[in-house]
Every structure is written in C-alpha cells, then in structure tokens.
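Residue strings, one per chain:
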Amino acid sequence: MRSFRSEPILWIHLAGLATLPIFLLLCLLFLSVGEPLLPVWMELLLVAVVGVIPLLWMQLRRPFYIFGILGVALKPENLTEQQRKILCLINTKLNRLLALLAAMLSIVLLWQLYQVTPLMVNVASFLPQWRSLALLMAGLTFLASNLFLQIPVSVARVLVTNDTEFAAIEPLPLEKINQDFTILGVRVNKILPQLTVKVKTEE
C-alpha cells in the first residue's frame, strides 16, 4: 500500500517554508524606505491588513486547494481516493486554529521587523524613496511570506497524521471540493508523477 506521505505535492508545499526568510527580508527592505508618513501603528496595520487578512480569510472560509502549484491545479475529478482524504485533513477545525496561530505569529514577526528598520536604511537607500509605494510593496511581500507560512503549516498537519487515523477518514465527496476549497490556476489532468512507497504491515 502506498503511503499518503509519498504525495510529492505535500513535500513541495512544505519546502516552500524555506522561502519565508526571503520574503520577510524583502518586507524589511521596503519598510526601511523613506520617512514614515503615518504613525507607526497605522503603517503596521496597513501592511498587516494587506499581508494577513486575505490569506487568513481564505484559510478560515475555503482553504487553499493544495493540489496545485505554479498557476496550475489538478482537476478535482482526477484526484485519487487518498488525495481526497488529504483534503479532509486540510479542511478541519484544527487547521483553522493553526491558520489563526500562524497569522498571529506573522504579526509578531512584522513588529520585530519594524524594530530593526533603522539598521536597513542605508541598504534601502538605492531604492526610490517613495514611502507610499514602499508600504504597498511591504504589504505584498508580507502577503507572500504569509502564503509560504500558512500552506506549509496546513500540510505539516497532514504529514503528522498517524496511519490509523488516516485510514479511518472518509474521502471528501467530489462535489464538495469546489464548494469547500479555493482552487487557483489552470486546471490540468496531471501535475506530478506519483511516488511509489511501500508501507510494511505486520503479518
């Protein structure tokens, strides 16, 4: 029997966590551009609204459909029974709680970034010193950082599920996939090859 942990898409999304520091660094760079136009709390609120709210809303209402990458998504009707079980684990109250905790962590990180912006002023001096544009770019890069935090957290929840619990899950009905998940990208018949990993069972 092939283990559900052999789904390549799970590991690709988990590896996305490695890009988190890159986007946080870019966010820090843009926060360091120009002189503040608004009170600190207001600038941070603007960046947080752009960077946190859209993804958090998505994860709480209709979670990201993980069987998609780089602008393409696997057609729901082509999912295996095992893949539809994985979707059941993505759309749970526990995952919503994890999404909320991840959002809170990202806001703490944003505050920490703001504290070190004075150290980056010279580094950011080569950029146009337009504060309003810089705040917009900070919000967008912070949004990207949240994407590569929220999705890996959601996937990690799947990977730590024990085999007994997974075996007991009923596959998500096909008609509920479009209803319950946010599917982004062009829908295709196949994205990645399946890995064949055998799970030893006790005789």
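Let us look at the structure shown here. (Residues numbered from 1 in each chain as written. Predicted model: local features only at pLDDT ≥ 70, side-chain atom pairs only at ≥ 80, totals over all residues. Heavy atoms only, no water.)

Its twelve residues give helix α3 (residues 40-51) an end-to-end C-alpha distance of 16 Å, which sits within 8% of 16 Å, the value for a rise of 1.5 Å per residue. Within α3, the full set of buried residues consists of E43, L44, V47, A48 and G51. Buried positions in α3, seen along its axis, are confined to an arc of 130° and lie on one side of it. Elements in contact with the buried residues of α3: α2 (20-31), α4 (53-61), α6 (93-115) and α7 (131-159). (Helix = DSSP H or I, 4+ residues; strand = E, 2+ residues; numbered from the N terminus. Expected span 1.5 Å × (residues − 1). Buried < 20%, exposed > 50% of the residue type's maximum accessible area, 1.4 Å probe, protein only. Arc of directions from axis to C-beta. Contact = heavy atoms within 4.5 Å.)

Scanning all chains against the criterion turns up four salt bridges. We note a salt bridge from D163 to R5, for which the minimum N-O separation is 3.0 Å. Of this pair, D163 sits in helix α8 (residues 163-167) while R5 is found in the segment before α1 (8-15), placing the two residues 158 residues apart along the sequence. Two residues, K176 and D180, come together in a salt bridge whose shortest N-O distance is 3.4 Å. With K176 and D180 both in helix α9 (residues 174-180) and four residues apart, the pair spans about one turn of that helix. Its relative accessible area of 29% is what places K176 among the partly exposed residues. (Salt bridge = Lys/Arg side-chain N within 4 Å of Asp/Glu carboxyl O.)

What follows is about the packing of aromatic side chains. Pairs of aromatic rings are described using the distance from one ring centre to the other and the angle between the two planes. For the structure shown, the criterion picks out three aromatic pairs. Note on F23 and F148: the rings are 5.6 Å apart at their centroids and 5° apart in plane angle, and the pair reads as stacked. With F23 in helix α2 and F148 in helix α7, this pair connects stretches of sequence that are 125 residues apart. On the basis of relative accessibility, which here comes to 27%, the residue F148 falls in the partly exposed class. Aromatic pair Y65 and F67: ring centres 6.0 Å apart, planes at 65°, arrangement edge-to-face. For the pair formed by Y65 and F67, the shared burial category is buried. (Phe/Tyr/Trp six-rings, centres within 6.5 Å; stacked < 30°, edge-to-face > 60°.)

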